[in-house]
Amino acid sequence: MAVLKIRTLPDPVLRRKAKKVTKIDGSIQKLIDDMIDTMHAAPGVGLAAPQIGVSLRVAVIELPGEELITLINPAIIKKQGERIVAEACLSVPGYQGEIKRAVTVKVKAQDRQGREIRLKGEELLAHALEHELDHLNGILYIDHIESPDKLWKLTQQL
Ligand code: ZN
């Protein structure tokens with residue numbers, strides 16, 4: 001287990017479409033453990049593998065007081081509603097922006113044992129699911145910013 005360096009813009013790995021995990025072996029288990037350690041150290045509520053330089057479809061999410069979720073090869077199967085949220089990203093340090101996200105998101109994925117899981121996220125979890133799944137497609141929240149005045153520099157690091 002190790003805390004790894006979080007890649008930030010303009011690192012090209014953040015813009016690559018991550019590859020599907022075909023075999024959940026020891027290297028994937030180590031990757032997940034490292035991602036969890038790195039997320040905790042940041043601290044953050046979610047991390048996608050490209051953020052530590054690994055272009056594979058793996059993400060972890062841990063909202064305050066909630067159980068840790070590990071997602072392998074996740075896909076959004078349904079989105080509902082729309083709301084404006086303030087968003088930031090460990091890979092875009094020093095900024096925050098306002099974008100539209102869904103209110104509820106349904107995702108299917110595999111867990112770290114390779115079992116198929118389905119989960120439904122509302123509000124903050126929906127938000128985190130969309131954010132982390134975007135990372136796997138090389139998309140950052142700043143791509144959803146509709147006008148320059150919706151992105152601002154933070155005077156204090158969050
Ligand atoms: Zn992010």
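> Lay out the overall build of the chain with the relevant residues and their values.
When you go through the chain residue by residue, the secondary structure sums to two helices and eight strands. For the chain, the sequential pattern of α-helices and β-strands runs α-β-β-β-β-β-β-β-α-β. Computed over its C-alpha atoms, the radius of gyration of the chain comes to 15 Å, within 12% of the 15 Å expected for a compact globule of 158 residues. Dimensions of the chain, computed from the C-alpha atoms along their principal axes, are close to 45 × 35 × 30 Å. The long-range fraction of contacts in the chain, counting pairs at least 24 apart against all pairs at least 6 apart in sequence, stands at 65%.

> A description of the coordination of the zinc ion should follow, citing residues and the corresponding values.
Protein-derived coordination of the zinc ion comes from Cys89 (SG), His131 (NE2) and His135 (NE2), at a distance range of 2.0 to 2.3 Å. Histidine 135 gets classed as buried once you look at its relative accessible area, which sits at 1%.

> Quick rundown of the sheet that holds strand E4 (residues 83–87)? Include the residues and the values.
Spatially, three strands are ordered E4-E5-E8 in an open sheet, and the strand pairing comes out antiparallel. At either margin of the open sheet sits one strand with a lone partner, and together these are E4 and strand E8 (151–153). Sheet twist, expressed as the mean angle between neighbouring strand axes with direction ignored, is 20 degrees. Here five bridges tie E4 to strand E5 (residues 95–101), and the two strands are oriented antiparallel to one another. Residue pairing across strands places valine 85 opposite isoleucine 99, the latter belonging to E5. Contacts from helix H2 (residues 124–136) reach E4 and E5, with the element oriented near 65 degrees to E4.

> So what's going on with the sheet that holds strand E1 (residues 46–48)? Which residues, and what values?
Ordered in space as E1-E2-E3-E6-E7, the five strands form an open sheet in which the pairing is antiparallel. Of all the strands in the sheet, the pair left with one neighbour each is E1 and strand E7 (116–122). When the angles between neighbouring strand axes are averaged without regard to direction, this sheet yields 35 degrees. Bridge count for E1 against strand E2 (residues 58–61) is three bridges, and the pairing is antiparallel. Across the sheet, glycine 46 pairs through a bridge with isoleucine 61, a residue of E2. Taken strand by strand, helix H1 (residues 26–41) contacts E1, E2 and strand E3 (69–80), and its axis lies near 40 degrees from that of E2.

> Can you lay out H2 for me, pointing to particular residues and giving the numbers?
For H2, which comprises 13 residues, the first-to-last C-alpha distance of 19 Å matches the rise-based estimate of 18 Å (1.5 Å per residue) to within 8%. With 12 of 13 residues buried, H2 lies mostly within the body of the structure. Regarding H2, the residues found buried are Leu125, Ala126, His127, Ala128, Leu129, Glu130, His131, Glu132, Leu133, Asp134, His135 and Leu136. Downstream of H2 by a residue or two, glycine 138 has a phi angle that is positive, lying close to 75 degrees.

> Explain the side chain of histidine 131 to me, and be specific about the residues and the numbers.
Looking at the element boundaries, histidine 131 is found in helix H2. Apart from residues no more than four positions distant in its own chain, histidine 131 is found in contact with Glu87, Ala88, Cys89, Arg101 and Tyr141.

> Describe unusual backbone geometry, with residues and values.
In this structure, proline 10 follows leucine 9 across a cis peptide bond, with omega equal to 5 degrees. With respect to the helices and strands, the residue proline 10 is situated in the segment before H1. The omega torsion across alanine 42 and proline 43 is -15 degrees, close enough to zero to call that bond cis. Relative to the elements of secondary structure, proline 43 occurs in the loop between H1 and E1.

> I'd love a proper account of the environment of threonine 8, names of residues and values included.
Structurally, the position occupied by threonine 8 is in the segment before H1. For threonine 8, a relative accessible area of 28% corresponds to the partly exposed category. For the pair threonine 8 and valine 92, spaced 84 residues apart in sequence, the C-alpha to C-alpha distance is 5.9 Å.

Basis of the calculations
- Residues numbered from 1 in each chain as written.
- Predicted model: local features only at pLDDT ≥ 70, side-chain atom pairs only at ≥ 80, totals over all residues.
- Heavy atoms only, no water.
- Helix = DSSP H or I, 4+ residues; strand = E, 2+ residues; numbered from the N terminus.
- Rg over C-alpha atoms; globule rule 2.2 N^0.38 Å.
- Contact = heavy atoms within 4.5 Å.
- Donors = N, O, S within 2.8 Å, 3.2 Å for Na, K, Ca; no water.
- Buried < 20%, exposed > 50% of the residue type's maximum accessible area, 1.4 Å probe, protein only.
- Pairing = 2+ DSSP bridges.
- Axes fitted to C-alpha atoms, helices over the stretch in contact; angles between N-to-C directions.
- Expected span 1.5 Å × (residues − 1).

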